[in-house]
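What the coordinates show
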Amino acid sequence: MNGAWDVWSACTPACATHAVRRAPTTVTARRCAAFAHAVRRALTDGERMADPVRLRTHARALLAALGISLEGPAVGALRAAADARTRGTWLGTGPAAVTPLPGGPGTLIVVNHISWLDIPALLAVEPVTLLAKREVGGWPVVGGLARRAGTHFIDRGNPRELPRTIGELSELLASGRSVAVFPQATTWCTGEGGAFRRATFQAAIDAGAPVRPVTLTYAQHGLPSTVAAFCGEDTFASSLRRVLTARGLTIGVTAHPPLSAPESGHDRRTLAALAGAAVMGGPPRSPRQAPERAPAQRGHLCGTAPHLRPTAQAPHHV
């Protein structure tokens, strides 16, 4: 384990499989060249990449180079609001929208965690501040993008850091900045694995910030797919090879009705359970209630299963 905050995931590289036949070699080669070009442009942008407009542009370019499209009921409205440079776009979408007050807090955006692609997918819709473990900063490609995006890195190997981290997160939210976190604390090959850890929800309560649950799903030509999953002992290189050969890969982004932390009277445990139920479906559950199943076999969607030890290569977030 990497530290006291780690969560064991059942998912392994065997979970990551294509739902349809692979793209031809010519398409893969073209994507590889386009992705390398997009990465060079992003990393040579330096500190300028932290600008929201430039960051969103780079994230979209990386996804486009890989042949990945974003879909979902929230994507069009969120992009339109973001392109208009309006504030609080995660709040101002759909019938359950909340209009932020001038000078009010930002939003705690809580997202399920499947792949390293989760990060550019979120940034392509709205370039919010990310909270990630320190090791993410050293990952190829994604680490550079995360650092230049203004990601706040934490040391998950030191439990004494937790109060300070929650305090900093609360300050960010109180200042009006929206922050995206992955409360599952590790990756699963589908969106239903694990349960939401409750620590970061305390920051929303302390800052009086609403919580916006967001679900990410992966599909190939409309069929659920685990090809983009980045789990267990997987490496970035092998994951990237799968993505480059994936045909018709789409990332669905669904923003659920916000949970109003200050007005609800919920404690962090209840907020975490409600947010997890909204993101992953099903009734609210605590981390101790996460279901356990038989280990996944290659070619099967494992969803949730018995806990196995993750490794440093796989992405883990608080």
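Residues numbered from 1 in each chain as written. Predicted model: local features only at pLDDT ≥ 70, side-chain atom pairs only at ≥ 80, totals over all residues. Heavy atoms only, no water.

1. A word on the overall build of the protein
- What the protein contains, in helices and strands, is 10 helices and 8 strands.
- Across the 318 residues in the protein, those meeting the buried criterion constitute 55%.
- The contacts of the protein with a sequence gap of at least 6 include a subset with a gap of at least 24, amounting to 79%.
- Accessible surface computed for the protein: about 13,300 Å², of which carbon and sulfur atoms make up 55%. (Helix = DSSP H or I, 4+ residues; strand = E, 2+ residues; numbered from the N terminus. Buried < 20%, exposed > 50% of the residue type's maximum accessible area, 1.4 Å probe, protein only. Contact = heavy atoms within 4.5 Å. Areas by Shrake-Rupley, 256 points an atom, 1.4 Å probe, with all protein chains shown as cover.)

2. Remarks on the confidence of the model for the protein
- Averaged over every residue, the pLDDT of the protein is 76; the share at 70 or more is 72%.
- Note that pLDDT drops below 50 for residues 81-88; the model gives that stretch 14 contacts with residues more than four away or on any other chain.
- Scored below 50 in pLDDT, residues 289-318 makes 105 contacts in the model with residues more than four places away or belonging to other chains. (pLDDT = per-residue confidence, 0-100.)

3. Side note on the side chain of Q184
- Examined against the element boundaries, Q184 turns out to sit in the loop between β5 (179-181) and α7 (201-207).
- Q184 gets classed as buried once you look at its relative accessible area, which sits at 1%.
- Polar side-chain contacts of Q184 include one of 2.6 Å to the backbone nitrogen of H113. (Polar contact = N/O pair within 3.5 Å; in protein donor to acceptor, adjacent residues only side chain to side chain.)

4. Here's the deal with the pairing of strand β6 (residues 211-220)
- Within β6, 9 of the 10 residues are buried, which leaves the element mostly enclosed by the surrounding structure.
- Looking at chain direction, β6 and strand β8 (residues 249-255) are connected through 7 bridges and run antiparallel. Counterpart to T217 in the pairing with β8 is G252.
- Hairpin connection, β6 to strand β7 (residues 223-224): the antiparallel pair is bridged by 2 residues, and H221 has positive phi, about 50°. (Pairing = 2+ DSSP bridges.)

5. Looking at the environment of A277
- Take A277: it is sitting in helix α10 (residues 268-280).
- Its relative accessible area of 15% is what places A277 among the buried residues.

6. So, the nonpolar core
- Ranked by size, the top nonpolar core spans 55 residues in total, and within it L66, W116, L117, L249 and I251 carry the most contacts.
- Among the elements that take part in this core, helix α4 (residues 118-125) stands out by supplying 6 residues, more than any other.
- Excluding residues within four positions of it along the chain, W116 makes contact with L66, V142, F230, F236, S239, L240 and V243.
- Membership of the second largest hydrophobic core comes to 24 residues, among which are I166, L169, A203 and A275. (Core = buried A, V, L, I, M, F, W, Y, C linked by side-chain atoms within 4.5 Å.)

7. Quick look at the packing of helix α1 (residues 25-43) against helix α8 (residues 236-244)
- Direction vectors running N to C along α1 and α8 enclose 125°, while the axes themselves pass 9 Å from each other. When the interaxial angle is binned, α1 and α8 end up oblique. Every residue of α8 that contacts α1 at T28, R31, C32 and F35 is listed here: L240, V243 and L244.
- Of the residues that constitute the contact of α1 with α8, the class distribution is 5 nonpolar, 1 polar and 1 charged. (Axes fitted to C-alpha atoms, helices over the stretch in contact; angles between N-to-C directions. Parallel < 35°, antiparallel > 145°, perpendicular 65-115°, else oblique. Nonpolar A, V, L, I, M, F, W, Y, C, P; charged D, E, K, R; others polar.)

8. A word on the pairing of strand β3 (residues 129-133)
- With respect to burial, β3 is a largely interior element, 5 of its 5 residues being buried.
- Side chains T129, L131 and K133 project from β3 onto one buried face, and the interleaved L130 and A132 project onto a second face that is buried too.
- Bridge count between β3 and β5: 2 bridges; the pairing is parallel. Considered in β5, the bridge of L130 is made with A180.
- Where β3 and strand β4 (residues 152-154) come together, 3 bridges link them in parallel fashion.

9. Quick word on the pattern of salt bridges
- If you walk through the whole model with that rule in mind, you get 4 salt bridges.
- Residue E168 is joined to R164 by a salt bridge in which the shortest nitrogen-to-oxygen separation is 2.5 Å. Of this pair, E168 and R164 both sit in helix α6 (residues 161-174), 4 residues apart, roughly one helical turn.
- E168 sits in the partly exposed class, given a relative accessible area of 34%.
- Look at the salt bridges and you will find they share partners, linking D45, R48 and R54 into a network. (Salt bridge = Lys/Arg side-chain N within 4 Å of Asp/Glu carboxyl O.)

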